[in-house]
Structures are given as C-alpha cells and as structure tokens.
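Each chain, written out:
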Amino acid sequence: MAFATTGSISCKSLLKPQPVKRHPSLTHLPTHIKPISAVHSTDPSKSSKSSSPSTLIPSKWILQSWKTKKALQLPEYPDELELESVLKTLESFPPIVFAGEARSLEEKLGQAAMGRAFLLQGGDCAESFKEFNANNIRDTFRVILQMSVVLMFGGQMPVVKVGRMAGQFAKPRSDPFEEIDGVKLPSYRGDNVNGDAFDEKSRVPDPHRMIRAYTQSAATLNLLRAFATGGYAAMQRVTHWNLDFTEHSEQGDRYRELAHRVDEALGFMAAAGLTPDHPIMTTTEFWTSHECLLLPYEQALTREDSTSGLYYDCSAHMLWVGERTRQLDGAHVEFLRGVANPLGIKVSDKMDPNELVKLIDILNPKNKPGRITVIVRMGAENLRVKLPHLIRAVRGAGQIVTWVSDPMHGNTIKAPCGLKTRSFDSIRNELRAFFDVHDQEGSYPGGVHLEMTGQNVTECVGGSRTITYNDLSSRYHTHCDPRLNASQSLELAFNIAERLRKKRIASGKSLH
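Residues numbered from 1 in each chain as written. Predicted model: local features only at pLDDT ≥ 70, side-chain atom pairs only at ≥ 80, totals over all residues. Heavy atoms only, no water.

Draft legend 1. A look at the overall build of the protein. Each helix and strand counted, the protein has 13 helices and 14 strands in total. Within the protein, the proportion of its 512 residues that are buried is 57%. Sequence separation of 24 or more characterises 78% of the internal contacts of the protein that already satisfy a separation of 6 or more. Approximately 20900 Å² of the protein is accessible, and the part contributed by carbon and sulfur atoms is 53%. (Helix = DSSP H or I, 4+ residues; strand = E, 2+ residues; numbered from the N terminus. Buried < 20%, exposed > 50% of the residue type's maximum accessible area, 1.4 Å probe, protein only. Contact = heavy atoms within 4.5 Å. Areas by Shrake-Rupley, 256 points an atom, 1.4 Å probe, with all protein chains shown as cover.)

Below, the structure written as structure tokens:
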C-alpha cells in the first residue's frame, strides 16, 4: 500500500557505527524553549537533580552500542546472512513515523506530567497478521475516541491519544521454550518473530516476518492517519461513534447522554464563532507506541533527523522498555538512551526506588518533561504499598516523569477452564488505588495504559454486562493476553472521568 511521507529525514545507512553529536555541559533550559530545541538525551551532564554514578552511563553512544551489552528476550535466527539481508532491506525503507511527530507527543506528555493533560494509551496485547483488517483498526480507534471524549469531558483537560498499534507485535516470554505433551519447542515471541502454531516449522524465528510487520505497521498507521484527519474523528460525529454491540447497554446509554451534551456545547461554540469546519473540530492527534523488544528491527528503522541531528526510532512515536528488559546495563536500555523518542518504563512491585531513579537518570539525564513515562503495573494492594516509595524517590531526585497506571498486567489469573483472564473489578480497583496514592502524595495521575479492543470479545470477566467464566470461550480471540472489550473499556473510562472530575473540583480548576 502506498502512503504519503512528509518531513525531511535522512534514510541513509545507519548500521555503520556513527557517534552521536556531543554537547557541552548545560544548565537548565529556559521554560519557553520548545522540545525541538532541547539537547540530545544522551548528554551526560546533569540538571539540578541528584546524580547517579557516572559509571552507569557510557561515554559514547552509537547506533550499534547495544550489541556490546547483554541482550535478553531476543530470538536466535538460524541464518545470519538471511537476517542481515532483511535488516539491510528494512534500513532502506521509509520511516513509519516522523521525528517532528515524536517531538509533539513528548511535549503533550510533558503537559500530562504537570497535571495539565491525561494520557490514554490502549490497544492490542499483541497485533497479529491474521487479524489484520480495516474493521478491527477502525473499531479500536473508535473506542479510543469514545473514551477520550468521556475523559476530556470529566477532566476538562486535553487527552493524549496513543495506540498500542502499528507495531506492537513482539512479546517477551518468561521461558524460551514451551512444552506440550512431552514435545518441547521454542516459545512463540510474536508474529514478527515466529508463528503461534505449535509445530517445529512455525516456531523457527524467520527474519522475513519483520518485513511483513513493517508493511502491516505502515498500512495501519496510514489508515489511522486517514481516520484522524479525514473527518471520521470530527467532534460533530461524536454521536455516531457507538459500536453496534454497545448500543443497548448501560455504557451505551451513558455515552449517548454525554454525546448529546457535547452536541449542545458544539452548538454553543458554533454560535460563538468556532465553526464546525475549524481544524480543531474536524481532526484529532493520534500517536503510536509499542514495546522496544526486537532490537535488530528497531535499529534498522532508526534514522538521524536532518532538522535536529538527533536519532529517532521511526518504528513508532513512543517506545517502552518492559519489566524483563530494563536492566541498567542491558542492551535495551543502552539502545533507548540514544534515541530521542519519548520513552515508557514498565514498573512492577519488584522495582527498587533507587534503581528507578538510576534508570530514569540514564534515559533522561537532561530531566526533560515528557521524555519519561513510568507505567505502573502492580495489582491494587501492592500498588498502595509500593507506589508511594517510588513517587517519593523520584520526587526526591528532582526528576520529572509522567505517572501512568497499567491496571492489566498485575491482574492476570487463570480461569477454571484454563484460559487466562482478568477481572474487571480488579482492574478498576488498581486504578482506584492509583488515584488514591497520587491524592495522598500530592502528585499527578498522568494517564492509563490498557490492553483493549473494539471487538466484542469475552476475555476479561465482569463489567456491567457481567461476563462470567462460562462466557469466556464464546468469543475468546486473543492469541496472547486477555483484553477489555469496547463496553468494558467505556465503563472504565467513565470511572476514570469521575475521578478526574472530583480532582478538578477539589483543586478549583475549570476549563479555560
């Protein structure tokens, strides 16, 4: 599929070691300086926050320096020459996203860090080749639009919409092998690595799958751009976004009532001179993200931005490092410290507060707002105990981060039928705990990170439509982790919006 490219980015070969441009020691930048003017995040000079040992930060970053570190969760390809051929092909392809878009997202996330915006990050646990079609992309995008309207109305603040889409293929595994009935095969690592069928041929890592992942990601983003800017996301369509299967439900009714209120507000704004054809009324901003896991692929899509001289991983606007690959001296952290994209850090109850401070310091030594999003995944009870210590440590170090709740990964259980599932009540309880802790600590709850879909699946139990264990097998489509369906996602959005509304009222803020 052809897709338009804009912006000026060098697509020359970057697999040859190239040193990053260095900068002299810096003091804090004035507050009026925009992100585009900021110094590269790999500069070892410090801001006024406390420093971690300089030995943790190598003196020089190059595109291939991650190869000098221990790399976990990477597949072993049987044919090195075939792998190199695929990577050279990827390296010659156009970027999927552009540096200016990533800078814009970083600026928005910086607002969320200060409590002036809210991040809504959602999408598939893992995208697949076989479920790739326009309807699935449209339906997930539509639910995110609905949720953003609910959150924006309740919080009366901008909602930063980021999809786990257009690149979220690779999955970390707790065991490199899987055994069934005495047969032991390599674990399934995502469609961009190998196949999920339990046979020897499917489980062999195939580098050509990276080419297919690239083309699917580019086509997905192309469609998302069309939806975001081509009129589908226009606020006048707010009443038309309901999915058929949410039409006759409690959440559908609540959304319809809210949509009518938005319609009335739009009528008032039109009368005041903000016409329906104004760009702010007809388009929306939407960004993409995925876990930075398959480093050869990420390196092949990294480009030097011709306007700033910084390196950007052009496979997505935002990348995150997972719980299994966030070692301070590991290959994934080494790679990420050198790219200028906004970054996420997944954090469980195992994270030591001092280690988090050191990791943030490595990835964001300039302490730039919006650069780091800490995505907390702990379970409600653990979160109430552990999160306050992390917040205090980060605050004590003077570090600026955006705190985000991932209420999904700490609440995965096995149903009596053997399927993995998640309880909606547990998900809601973790979100409630997340807001409670931030109220207690005087910090900002900056967003939510969800595994969700626009499809009418039965993968998570509970919610107002009460999916039971017995219902799971009826529409259990995920080939990875269980996802919230549209109705459950919308219900959660209303819960979050109510907390945002209460926080706004308590602080005396209103929409300006």
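Now that the structure has been shown, the text picks up again.
Draft legend 2. Broad picture of the pattern of salt bridges. Within this structure, the stated rule accounts for 25 salt bridges. With its nearest N and O atoms 3.5 Å apart, the salt bridge here joins R326 to E355. In this pair, R326 sits in the loop between strand 8 (318–321) and helix 9 (331–337) while E355 sits in helix 10 (residues 353–363), placing the two residues 29 residues apart along the sequence. The exposure class of R326 is buried, given its relative accessible area of 6%. A salt bridge links R392 to E441; its shortest N-O distance comes to 2.8 Å. Of this pair, R392 sits in helix 11 (residues 380–396) while E441 is found in helix 12 (residues 424–441), placing the two residues 49 residues apart along the sequence. Overall, E441 belongs to the buried group, its relative accessible area being 12%. One salt-bridge network, in which partners are shared between bridges, spans R164, K420, R422, E451 and D481. (Salt bridge = Lys/Arg side-chain N within 4 Å of Asp/Glu carboxyl O.)

Draft legend 3. Examining the packing of aromatic side chains more closely. Scanning all chains against the criterion turns up nine aromatic pairs. The interplanar angle of 20 degrees and the centroid separation of 5.8 Å between the aromatic rings of F141 and F227 together place this pair among those described as stacked. Taken together, the residues F141 in helix 3 (residues 134–155) and F227 in helix 5 (residues 208–229) connect sequence positions 86 residues apart. Residue classification places F141 among the buried residues on the basis of a relative accessible area of 1%. Through pairs of rings, three or more aromatic residues link up here, namely F141, F227, Y232 and F286. The residue whose ring lies beneath K184 is F177, and the NZ or CZ to ring-centre distance is 5.1 Å. (Phe/Tyr/Trp six-rings, centres within 6.5 Å; stacked < 30°, edge-to-face > 60°. Lys NZ or Arg CZ within 6 Å of the ring centre and 35° of its normal.)

Draft legend 4. Local environment of unusual backbone geometry. In this structure, A166 takes a positive phi of about 60 degrees despite not being glycine. For A166, the position within the fold is in the loop between strand 2 (159–164) and strand 3 (177–180). Classification of A166 by relative accessible area gives buried; the value is 1%. Even without being a glycine, D181 presents a positive backbone phi close to 50 degrees. Residue classification places D181 among the exposed residues on the basis of a relative accessible area of 78%.

Draft legend 5. Here's a closer look at the layout of surface pockets. Here the second largest pocket is characterised by a volume of approximately 920 Å³. In this structure, the second largest pocket is lined by 32 residues; those nearest its centre are P172, R173, K420, C480 and D481. Within the residue set of the lining of the second largest pocket, elements represented by two or more residues are strand 3, strand 12 (412–414) and strand 13 (420–422). Its residues assigned to classes, the lining of the second largest pocket comprises seven nonpolar, nine polar and 16 charged. (1 Å grid on protein atoms, 1.4 Å probe; cavity = no way out; pocket = protein on both sides within 12 Å on 5 of 7 lines; lining within 4 Å. Points joined across faces, edges and corners; volume = space filled by probe spheres on them. Nonpolar A, V, L, I, M, F, W, Y, C, P; charged D, E, K, R; others polar.)

Draft legend 6. A look at helix 5. Over its 22 residues, helix 5 runs 32 Å from end to end, which matches the ideal 32 Å to within 8%, given 1.5 Å per residue. Among the residues of helix 5, M210, A213, Y214, Q216, S217, A218, A219, T220, L221, L224, F227 and A228 are the ones counted as buried. After helix 5 finishes, the residue G231 shows a positive phi value of roughly 110 degrees. (Expected span 1.5 Å × (residues − 1).)

Draft legend 7. How the structure looks around the packing of helix 3 against helix 5. Relative to each other, helix 3 and helix 5 sit at 50 degrees, their axes nearing to 10 Å. For the element pair helix 3 / helix 5, the angle class is oblique. The way helix 3 lies across helix 5 gives a crossing that is right-handed. Contacts between helix 3 and helix 5 involve A134, I137, R138 and F141 from the former and T220, L223, L224, F227 and A228 from the latter. When its residues are assigned to classes, the contact of helix 3 with helix 5 shows seven nonpolar, one polar and one charged. (Axes fitted to C-alpha atoms, helices over the stretch in contact; angles between N-to-C directions. Parallel < 35°, antiparallel > 145°, perpendicular 65-115°, else oblique. Left-handed = near helix turned anticlockwise from the far one by under 90°.)

Draft legend 8. Spotlight on the sheet that holds strand 14 (residues 445–451). Spatial strand order, 1-2-5-8-9-10-11-14: eight strands in a closed barrel with parallel pairing. Averaged over all adjacent pairs, the angle separating strand axes in this sheet is 25 degrees, with direction ignored. Examined bridge by bridge, strand 10 (residues 372–376) and strand 11 (residues 402–405) share four bridges and lie parallel to one another. When the bridges of strand 11 are listed, V376 appears paired with S405. (Pairing = 2+ DSSP bridges.)

Draft legend 9. Representation of helix 3 within the structure. Here helix 3 spans 31 Å end to end across 22 residues, near enough to the 32 Å set by a 1.5 Å rise per residue. Within helix 3, 17 of the 22 residues are buried, leaving the element largely enclosed by the surrounding structure. The distance from a side-chain oxygen at the start of helix 3 to the backbone nitrogen of N135 is 3.0 Å, and the residue carrying that oxygen is N133. (Polar contact = N/O pair within 3.5 Å; in protein donor to acceptor, adjacent residues only side chain to side chain.)

Draft legend 10. Here's a closer look at the side chain of Q73. Checked against the element boundaries, Q73 lands in the segment before helix 1 (80–92). At 2.8 Å, the side chain of Q73 and the backbone nitrogen of R173 are in polar contact. Here the side chain of Q73 touches R189 through a polar contact of 3.2 Å, side chain to side chain. In this view, Q73 contacts P172, R173, R189, L293, R324 and T325; residues no more than four positions away in its chain are not counted.

Draft legend 11. The packing of helix 3 against helix 13 (residues 486–507), seen in detail. One way to put it is that helix 3 packs onto helix 13 with a least axis distance of 7 Å and a crossing angle of 20 degrees. If you check the angle between helix 3 and helix 13, you find them roughly parallel. As helix 3 runs across helix 13, the sense of the crossing is right-handed. Of helix 13, the residues touching helix 3 (which contributes V143, Q146, M147, V150, L151, F153, G154 and G155) are A486, S489, L490, A493, F494, I496, A497, L500, R501 and R504.

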